[in-house]
Amino acid sequence: MHSPSATRTATFGMGCFWGPDARFGATEGVVRTRVGYAGGTDPNPSYYSLGDHTEVVQLEYDPETLSYEDLLEVFWSNHSWQTPSRKRQYRGVVLAHNDEQYETAQRTKDDLAERTGATVETEIEVLESITLAEDYHQKYELRSTPVAGDELAALYGDEFVDSTVVARLNGFVAGHGTEEQRRRVLAALDVPATVVAELRRRF
């Protein structure tokens, strides 16, 4: 797949990170996705010792294809922004990488509140750092697909998490993406027929 020469990065908390990882992964213009823990102060967070961190998805995207506002539109449409999370682990939050992102996120939050007349509980913060989640959380939907998950993890090796193709497939098996996207990605895959068949079964 085409890899742009320059990408930008965005980070969002939208509840459990498996779903957002898949949703953004199927989005044209998103180059790679990863999930992790951010927004807290505890050092070295892990899934079973999260401290005050939040589950987040971080993505790199091609700014010539997608704008940050495009990503925010997906963000606002796909989490419960009216309801404060009872657990910090699953809260809604934009973690801005710079002043421009912060101001854009705040503006869209204000616009949403004005348009709906509702209180927006989602927070806008500056990203300090992120700790990548354990391997078994990365591309969870694809890893959970029998036959295909193991074959693709072995095929891509260390590139599994950062592969654009893997990000797309992870989104597809979760029900996202278009038929044209799926056809194009599958046609370029050099994998056993059993893997293609299992992927098609999930699509």
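Report on the accompanying structure. From a predicted model like this one, the values you see are computed outputs, not experimental measurements.

Moving on: the pairing of strand β3 (residues 54–61). Within β3, eight of the eight residues are buried, which leaves the element mostly enclosed by the surrounding structure. Judged by which residues are buried, β3 turns out to be covered on both faces: Thr54, Val56, Gln58 and Glu60 on one side and Glu55, Val57, Leu59 and Tyr61 on the other are all buried. Bridge count for strand β1 (residues 8–14) against β3 is five bridges, and the pairing is antiparallel. Bridge pairing links Phe12 to Val57 in β3. Here strand β2 (residues 30–38) pairs with β3 via eight bridges, running antiparallel. Note on β3: the bridge partner recorded for Val35 is Val57.

Among all positions of helix α2 (residues 68–77), only Tyr68, Leu71, Leu72, Phe75 and Trp76 are buried. What you see down the axis of α2 is that its buried residues fit within an arc of 135°, all on one side. When the buried face of α2 is taken as reference, the exposed residues oriented beyond 90 degrees from it are Glu73 and Ser77.

As for its position among the elements, Thr54 is in strand β3. Polar side-chain contacts of Thr54 include one of 2.6 Å to the side chain of Arg91. Setting aside chain neighbours within four positions, we find Thr54 in contact with Gly36, Tyr37, Ala38, Arg88, Gln89, Arg91 and Val93.

Once that is clear, we can look at the pattern of salt bridges. Counted under the stated rule, the structure contains 11 salt bridges. Asp162 is paired through a salt bridge with Arg34; the nearest N and O atoms lie 3.3 Å apart. Taken together, the positions of Asp162 in the loop between α5 (148–156) and α6 (164–173) and Arg34 in strand β2 put the pair 128 residues apart, joining distant regions of the chain. A relative accessible area of 31% places Asp162 in the partly exposed class. Note that Glu125 is salt-bridged to Arg91, the shortest N-O span being 2.9 Å. Note that Glu125 is positioned in strand β5 (residues 123–126) and Arg91 in the loop between α2 and β4 (92–96), a separation of 34 residues in sequence.

A separate point is the pairing of β4. Buried residues dominate β4, accounting for five of its five residues. Of the two faces of β4, the one lined by Gly92, Val94 and Ala96 and the one lined by Val93 and Leu95 are each fully buried. The pairing of β1 with β4 spans four bridges and is classified as antiparallel. Bridged to Met14 within β4 is Gly92. Crossover β4 to β5 through helix α3 (residues 99–116) is right-handed.

The rules behind each value
- Residues numbered from 1 in each chain as written.
- Predicted model: local features only at pLDDT ≥ 70, side-chain atom pairs only at ≥ 80, totals over all residues.
- Heavy atoms only, no water.
- Buried < 20%, exposed > 50% of the residue type's maximum accessible area, 1.4 Å probe, protein only.
- Helix = DSSP H or I, 4+ residues; strand = E, 2+ residues; numbered from the N terminus.
- Pairing = 2+ DSSP bridges.
- Arc of directions from axis to C-beta.
- Polar contact = N/O pair within 3.5 Å; in protein donor to acceptor, adjacent residues only side chain to side chain.
- Contact = heavy atoms within 4.5 Å.
- Salt bridge = Lys/Arg side-chain N within 4 Å of Asp/Glu carboxyl O.
- Right-handed = clockwise from strand over helix to strand, strands pointing away.

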